[in-house]
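Chain by chain, the residues:
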Amino acid sequence: MNRFLFAALILCLVSLTGCSFTGAKTFKTFAGRPGTEIIHLPKAMVKAAAAGTGAHSLEVATIKGPLTGDIMEETERIAAEKNLELLIEVTEPGEHVSLYGRATEGKNPRLKELLILTSEGSETDLVFIEGNFDLRDLNNMNISGLDKVKKMK
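Quick caveat: nothing in here was measured; it's all calculated off a predicted structure. (Residues numbered from 1 in each chain as written. Predicted model: local features only at pLDDT ≥ 70, side-chain atom pairs only at ≥ 80, totals over all residues. Heavy atoms only, no water.)

Asker: Summarise the overall build of the protein chain; cite the residues concerned and give the values.
Answerer: In terms of regular secondary structure, the protein chain is built from 4 helices and 6 strands. Each helix (α) and strand (β) of the protein chain, taken in turn from the N terminus, gives the series α-β-α-β-α-β-β-β-β-α. By residue count, 45% of the 153 residues in the protein chain fall in the buried class. Intrachain contacts of the protein chain at a sequence separation of at least 6 include 58% that bridge at least 24 residues. (Helix = DSSP H or I, 4+ residues; strand = E, 2+ residues; numbered from the N terminus. Buried < 20%, exposed > 50% of the residue type's maximum accessible area, 1.4 Å probe, protein only. Contact = heavy atoms within 4.5 Å.)

Take a look at the structure:
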């Protein structure tokens, strides 16, 4: 499964600057889990690294290990707490993708929050994006798992 390109860009930026950004807000329950890395980027960093995407903040959690029930339960708890609805769920042997979101109403809905859970083999990734972006812009964000959604159409 392709990695989340947007997150990779952010990770490259962080490694180039020699900075480490912590302060996990959304994924704080995973912070003490062995093999877990969490990066939270505030508005200024996201704006510098991903101009034009409409994203305001980004948080990424990478958990070494397969998708487990406790990770799925915590993801669903976060989605419920933030009043997000399940937009897409794709499950194949050894792979799982769930997208939860909250969009504005109207003729041209825009996403305000997006929670992504992807798991393949021995790695599980969670991504939370806050902002104001068009639903069609998801394709431009190169989010892991959307290739599977496109095949379903």
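Asker: Tell me about helix H3 (residues 69-81), and name the residues and values.
Answerer: Taking 1.5 Å per residue, 13 residues should reach 18 Å; H3 reaches 18 Å between its end C-alpha atoms and fits that length. When we look at burial in H3, the residues that qualify are Ile-71, Met-72, Glu-74, Thr-75, Ile-78 and Ala-79. Projected down its long axis, H3 shows its buried positions confined to an angular sector of 165°, all on one face. Residues of H3 that are exposed and point over 90 degrees away from its buried face: Glu-73, Ala-80 and Glu-81. Contacts made by the buried residues of H3 are with strand S2 (55-64), strand S3 (85-92), strand S4 (95-103), strand S5 (110-120) and strand S6 (123-134). (Expected span 1.5 Å × (residues − 1). Arc of directions from axis to C-beta.)

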